[in-house]
Amino acid sequence: MSDTTLQETRIVSQKFRIPNSHTLATALEHGAYSTLRTALFRPASDITTAVQESGLRGKGGGGALAGEKWLLMPTDDSRPSYLVVNCDESEPGTFKDRQIISKDPHLLIEGMILTSYAIGANEAYIYIRGEYQGFEKILQDAIDEAYSSGFLGKGLANTDFDLDITIHRGAGAYICGEKSALLESLEGKRGHPRLKPKNKEPEWYFGNPTLVNNVETIATVPYIVQNGALAYSKYGTSQSAGTLLFAMSGHIKNAGVYEVAFGTPMLEYINHFGGGIRGDKKLKAVIPGGSSTPVLTADEVANATLDYETLRSLGSSLGTGGMIVMDEDTNMVEALKNLLEFYHHESCGQCTPCREGTGWSDKIVAKILRKEATSQDIDKLLGIADIMNGKTICVFAPAVSGVISSFISKFREEFEIDSTPKIHNKMEIK
Amino acid sequence: MSFSFDETNITKIEQLQKRYPSPKALTLPLLWMVQEQEGFISLEAMEEISKYTTRPAMEIYKTATFYTMFNLAPVGEHHIQLCKTLSCALCGKEDILAYIKKTLDIEVGQTTKDGKFTLTQVECLGSCGTAPMMQINQTNYESLTIERVEKILEELQ
Ligand SMILES: Cc1cc2nc3c(=O)[nH]c(=O)nc-3n(C[C@H](O)[C@H](O)[C@H](O)COP(=O)(O)O)c2cc1C
Ligand code: SF4
Ligand code: FES
């Protein structure tokens, strides 16, 4: 089944397989920081233009065009500007940013220097989830090395540009990956998302204009600056330019992270890099882009390509590109229960539909698993999903809503009260 | 029980102060420092943080209680945090959990009598590709099997 012509396109993962690529010496041998001397002597707007023309889209889940976001940053403001890199990586099924910070941290640092220069920031933060302390250490060592070799700090790389990078550690809260919650957390508060403004504007950190981008987005910038916008946009599709570090977990033989161009057929990706389903079972379903994206059936997977437009046309979303693969024996009610426990635990609690809806739907699914549900319970679940959609401060609740409705609409027979229990029923039902 | 930062941490705080536009931003870094110095965060420590961050102690408390990784009470020497989210569940986390509970004779949320192990279940730790997994203190143990868990627990005993 596997297609041997399928290949990785290594833009961000170029140095991943080189031993010791996280050290400055090895990174330098392979071209790290080579973009700085030229780029920092040219106008800052050159970098923004290149990023805009490349079609680079944010890789933290939303897929917003990076260039457009950068242009929201003011150029003539007396207030300082800030760059904040989002390394919260808490979306279940997602484990790509950890590869970058542990295997090529200097690529991220180089991207942060270029981006900070482009938006006029002299202070940048990396917000990293608290559970990544092992990876954080590798990243901090790389930052320290960059400082002692003059790639960070005052007049870096013998230019007149100054930049400090500080790692800021989160402490276990999924919602802090949402950019405004992240900034609240960076300001020392609870991670509560902020109300979205009516018009597009930058983010604000202590009232100062701030750009928030994902680790992978920023790690792509050096390639674009070095090779030009066209070199990047030639990969992928017309609207989903370039590559993504797609990840695979669940019932797959070779789980892992593989960088491919957008537009790659999904099933081929799973079979070729993943080596197919464990125990040579049949594929049942895939959650395509981290746990917050609606689930796809095996038939849908067979026709899908990995790009924003195709997954949207299937009623799902590309999200972070973290695929969770489920085999034919998976009990979909249990799978949904597992996710609802997660969302109930992680709701920040500001909005009633979210705070109550996640817990309530979790309880109903538990009732279904215990075989105590009535025929009205599925409708009640769908009703709750409806209430959670479009009525909250952030998109957490609408995402949960989409997950619930996709599980029920696509695997309804498993939720029906007279359905017989499937195997795997090991879970403790609370 | 009074609290004060040790000298290494005071030097660190002085350096960090230069990196943030407002002392309020020191809240999370200082909560971490307390936890690393003492093992958990007491109300007295929050009073101390409140001085450095120019925020009322109640605000520090409000922040600290939002984040699951801040321990407001002491935990066992080895804090086992087993991931319970979907990819780990699909790859056999329930068997690992049952084994740990049986071996240590504790339930989730409990600490062994000798104070050596505390067992909690946590949400996705970003190691779904090497599921099932657990974190003990700061170390990740991935691609777990019962045999591996048996060895790990023995080594930590
Ligand atoms: C509930 C929720 C969780 C999120 N978690 C993350 C995350 O862990 N990492 C991340 O980069 N973006 C996350 N995002 C997206 C961020 O809000 C933001 O769009 C992103 O960091 C911007 O960077 P990008 O444009 O480079 O993708 C999350 C969004 C939501 C609504
Ligand atoms: S939707 Fe949920 S997570 Fe988002 S702000 Fe409201 S309560 Fe918090
Ligand atoms: S689901 Fe366990 S590490 Fe992601």
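Owing to the predicted nature of the structure, the values given are computational and were not obtained by experimental measurement.

Student: Explanation requested: the overall build of chain A in the structure shown.
Tutor: Across its full length, chain A holds 18 helices and 12 strands. Taken over the C-alpha trace, chain A has a radius of gyration of 22 Å; the compact-globule value for 430 residues is 22 Å, and the two agree within 12%. Overall, chain A is about 70 × 50 × 35 Å in size when its C-alpha atoms are taken along their principal axes. Taking all 430 residues of chain A together, the buried fraction comes to 61%.

Student: Which parts of the structure should I look at to understand the sheet that holds strand β10 (residues 296-297) of chain A?
Tutor: Remark on secondary structure: sheet strands pair via backbone hydrogen bonds, oriented parallel or antiparallel. Residues and elements named next belong to chain A. Spatially, the 5 strands line up as an open sheet ordered β7-β6-β12-β9-β10, and their pairing is mixed. At either end of the open sheet lies a strand with only one pairing partner, and these are β7 (256-261) and β10. Pairing of strand β9 (residues 283-287) with strand β12 (residues 322-327) involves 4 bridges; the strand directions are antiparallel. For alanine 285, the partnering residue across the bridge sits in β12 and is methionine 326.

Student: Sorry if this is basic, but what is going on with the site of ligand 1 here?
Tutor: Residue and element names in this part refer to chain A. What surrounds ligand 1 is a group of 18 residues, the closest being Gly60, Asn86, Asn213, Asn214 and Thr217. Separating an oxygen atom of ligand 1 from a side-chain N or O atom of lysine 69 is a distance of 2.9 Å. Backbone polar atom of serine 90 to an oxygen atom of ligand 1: 3.4 Å apart, as the coordinates give it. With the chains in place, 90% of the 610 Å² that ligand 1 exposes on its own is no longer accessible. Tallying contributions element by element places strand β5 (residues 208-214) first for the shell around ligand 1, with 3 residues. Along the lines of polarity and charge, the residues of the shell around ligand 1 split into 4 nonpolar, 8 polar and 6 charged.

Student: How should I be thinking about the pairing of β9 of chain A in this particular structure?
Tutor: Regular strands place side chains that alternate from one sheet face to the opposite one. Residue and element names in this part refer to chain A. Within β9, 5 of the 5 residues are buried, leaving the element largely enclosed by the surrounding structure. Across 2 bridges, the pairing between β9 and β10 is antiparallel. From the neighbouring strand, alanine 285 faces β10, where its bridge partner is threonine 297.

Student: Please explain the confidence of the model for chain B as it appears in this structure.
Tutor: Interpretation of this model should avoid reading the predicted coordinates in detail wherever pLDDT is low. Per-residue confidence for chain B gives a mean pLDDT of 96, with 100% of residues at or over 70. Of the two predicted TM-score estimates for the complex, the pTM is 0.96 and the ipTM is 0.97.

Student: Could you clarify how one ought to interpret unusual backbone geometry in this entry?
Tutor: It is generally the case that most residues other than glycine have a negative phi and that most peptide bonds are trans. A cis amide bond, omega -5°, links alanine 131 of chain B with the succeeding residue proline 132 of chain B. Relative to the helices and strands, proline 132 of chain B is located in the loop between β2 (117-122) and β3 (134-136). For asparagine 158 of chain A, which is not glycine, the phi dihedral falls at a positive 55°. With respect to the secondary-structure elements, asparagine 158 of chain A resides in the loop between α7 (133-148) and β3 (164-169). Residue asparagine 158 of chain A is classed as exposed on the basis of its relative accessible area of 67%.

Student: I'm lost on a nonpolar patch on the surface in this one. Help?
Tutor: All names here are of chain B. The grouping of Leu43, Met58, Tyr61 and Leu72 at the surface amounts to a nonpolar patch, some 400 Å² of accessible area in total. Within the secondary structure, tyrosine 61 is located in helix α4 (residues 57-64). Given a relative accessible area of 33%, tyrosine 61 falls into the partly exposed group.

Student: Whenever I open this one, the pairing of β7 of chain A confuses me. Can you help?
Tutor: Residue and element names in this part refer to chain A. The buried count for β7 comes to 6 of 6 residues, which makes it a mostly enclosed element. The alternating pattern of β7 places Gly256, Tyr258 and Val260 and Val257, Glu259 and Ala261 on opposite faces, both of which are buried. Inspection of the sheet shows strand β6 (residues 243-250) paired to β7 by 6 bridges, in the antiparallel sense. Counted as the bridge partner of alanine 247 is valine 257 from β7. Connecting β6 to the next strand, β7, in antiparallel fashion are 5 residues.

Student: Would you mind going over the environment of threonine 118 of chain B with me for this structure?
Tutor: Residue and element names in this part refer to chain B. Position of threonine 118 among the secondary structure elements: in strand β2. Along the sequence, threonine 118 and histidine 78 sit 40 residues apart, while their C-alpha atoms lie 6.3 Å from each other. Excluding anything up to four places from it in sequence, threonine 118 contacts Val75, Gly76, His78, His79, Ile80, Gln110 and Thr111. Separated by 2.6 Å, the side chain of threonine 118 and the backbone nitrogen of glycine 76 make a polar contact.

Student: Got a minute to help me understand the interface of chain A and chain B in this structure?
Tutor: A common way to report how large an interface is uses the accessible area buried once the components associate. With 61 residues of chain A at the interface, the matching set in chain B holds 43 residues. Taken together, the links from chain A to chain B amount to 4 salt bridges. A salt bridge links glutamate 142 of chain B to arginine 98 of chain A; its shortest N-O distance comes to 3.2 Å. Contributions of two or more residues to the side of chain A that touches chain B are made by β2 (121-128), α7, β3, α8 (179-186), β6, β12 and α14 (332-346) of chain A. With 7 residues, the top contributor of residues to the side of chain A that touches chain B is α14 of chain A.

Scoring rules and cut-offs
Residues numbered from 1 in each chain as written. Chains lettered and ligands numbered in written order. Predicted model: local features only at pLDDT ≥ 70, side-chain atom pairs only at ≥ 80, totals over all residues. Heavy atoms only, no water. Helix = DSSP H or I, 4+ residues; strand = E, 2+ residues; numbered from the N terminus. Rg over C-alpha atoms; globule rule 2.2 N^0.38 Å. Buried < 20%, exposed > 50% of the residue type's maximum accessible area, 1.4 Å probe, protein only. Pairing = 2+ DSSP bridges. Near = heavy atom within 4 Å. Polar contact = N/O pair within 3.5 Å; in protein donor to acceptor, adjacent residues only side chain to side chain. Areas by Shrake-Rupley, 256 points an atom, 1.4 Å probe, with all protein chains shown as cover. Nonpolar A, V, L, I, M, F, W, Y, C, P; charged D, E, K, R; others polar. pLDDT = per-residue confidence, 0-100. Patch = residues over 30% accessible without salt bridge, like charges linked within 9 Å, V, L, I, M, F, W, Y side chains within 5 Å. Salt bridge = Lys/Arg side-chain N within 4 Å of Asp/Glu carboxyl O. Contact = heavy atoms within 4.5 Å.

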